Amino acid sequence: MTSRPIADPADDGAAEDVKVGEKAKWPTPKDGGGCTLMILDVNAVLIFESKPSYKPAPRSEPCRGPLRELAKSFYDAVRTR
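Bear in mind that the values here come from a model prediction, so they are computed numbers and not experimental data.

**Some thoughts on unusual backbone geometry**
Outside of glycine, negative phi angles account for most residues, and trans bonds account for most peptide bonds.
Piece 1. The phi torsion at Lys-55 lies on the positive side, around 50°, for a residue other than glycine.
Piece 2. When you line up the elements, Lys-55 lands in the loop between β3 (44-50) and α2 (61-78).
Piece 3. According to the relative accessible area criterion, Lys-55 is exposed, its value standing at 58%.

This is how it looks when you write it as structure tokens:
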């Protein structure tokens, strides 16, 4: 029996901390700093990207937190009732 190590959400693309859309991913950070959030929904793919001038670590809360909040605000604004 083999055990599988717990994967970093940034490495495997999962974004379980984002509660909007059908599926959300934190793509693996690229060189140049910043972070990216990809949201997949029924008829849309949304990509939110942050590249602040103070260059926080791509997997850090200072980088991901604003994208998470932006995605939630966007979904709250366009959600059909």
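Having seen the model, we can carry on.
**Let's talk about the pattern of salt bridges**
Piece 1. Here the structure, examined in full by the defined rule, presents two salt bridges.
Piece 2. We note a salt bridge from Asp-76 to Lys-72, for which the minimum N-O separation is 3.0 Å. Of this pair, Asp-76 and Lys-72 both sit in helix α2, four residues apart, which is roughly one turn of that helix.
Piece 3. Under the relative-accessibility criterion, Asp-76 is labelled partly exposed at 31%.

**Observations regarding the side chain of Arg-68**
Piece 1. In this fold, Arg-68 is placed in helix α2.
Piece 2. A polar contact of 2.8 Å, which involves the side chain of Arg-68, links it to the side chain of Glu-61.
Piece 3. Setting aside residues no more than four positions away along its own chain, Arg-68 makes contact with Asp-17, Val-18, Trp-26, Leu-37 and Glu-61.

**Section: the state of the cysteines**
Piece 1. All told, the structure shown has one disulfide when counted by the stated rule.
Piece 2. Here Cys-35 is linked by a disulfide to Cys-63, with a sulfur-sulfur distance of 2.4 Å. Across the S-S bond linking Cys-35 and Cys-63, the dihedral sits near -115°, which makes this disulfide left-handed. With Cys-35 in strand β2 (residues 35-41) and Cys-63 in helix α2, this pair connects stretches of sequence that are 28 residues apart.
Piece 3. Overall, Cys-35 belongs to the buried group, its relative accessible area being 4%.

**Structural notes on empty space enclosed by the protein**
Piece 1. This model, assessed by the stated rule, comprises one cavity of 30 Å³ or more.
Piece 2. The residue inventory of the lining of the largest cavity, partitioned by class, reads five nonpolar, two polar and one charged.

**So, the sheet that holds β3**
Piece 1. Spatially, β1-β2-β3 is the arrangement adopted by the three strands of the open sheet, whose pairing is antiparallel. Because the sheet does not close on itself, it has two edges, and the strands there are β1 (23-25) and β3. When strand polarity is set aside, the average angle formed by the axes of neighbouring strands in this sheet is 15°.
Piece 2. As paired strands, β1 and β2 are joined by three bridges and run antiparallel to one another. Bridging across to β2, Ala-24 finds its partner in Ile-39.
Piece 3. Along the sheet, α2 contacts β2 and β3; its crossing angle with β2, the most-contacted strand, is approximately 30°.

Basis of the calculations
- Residues numbered from 1 in each chain as written.
- Predicted model: local features only at pLDDT ≥ 70, side-chain atom pairs only at ≥ 80, totals over all residues.
- Heavy atoms only, no water.
- Helix = DSSP H or I, 4+ residues; strand = E, 2+ residues; numbered from the N terminus.
- Buried < 20%, exposed > 50% of the residue type's maximum accessible area, 1.4 Å probe, protein only.
- Salt bridge = Lys/Arg side-chain N within 4 Å of Asp/Glu carboxyl O.
- Polar contact = N/O pair within 3.5 Å; in protein donor to acceptor, adjacent residues only side chain to side chain.
- Contact = heavy atoms within 4.5 Å.
- Disulfide = S-S within 2.5 Å.
- 1 Å grid on protein atoms, 1.4 Å probe; cavity = no way out; pocket = protein on both sides within 12 Å on 5 of 7 lines; lining within 4 Å.
- Points joined across faces, edges and corners; volume = space filled by probe spheres on them.
- Nonpolar A, V, L, I, M, F, W, Y, C, P; charged D, E, K, R; others polar.
- Pairing = 2+ DSSP bridges.
- Axes fitted to C-alpha atoms, helices over the stretch in contact; angles between N-to-C directions.

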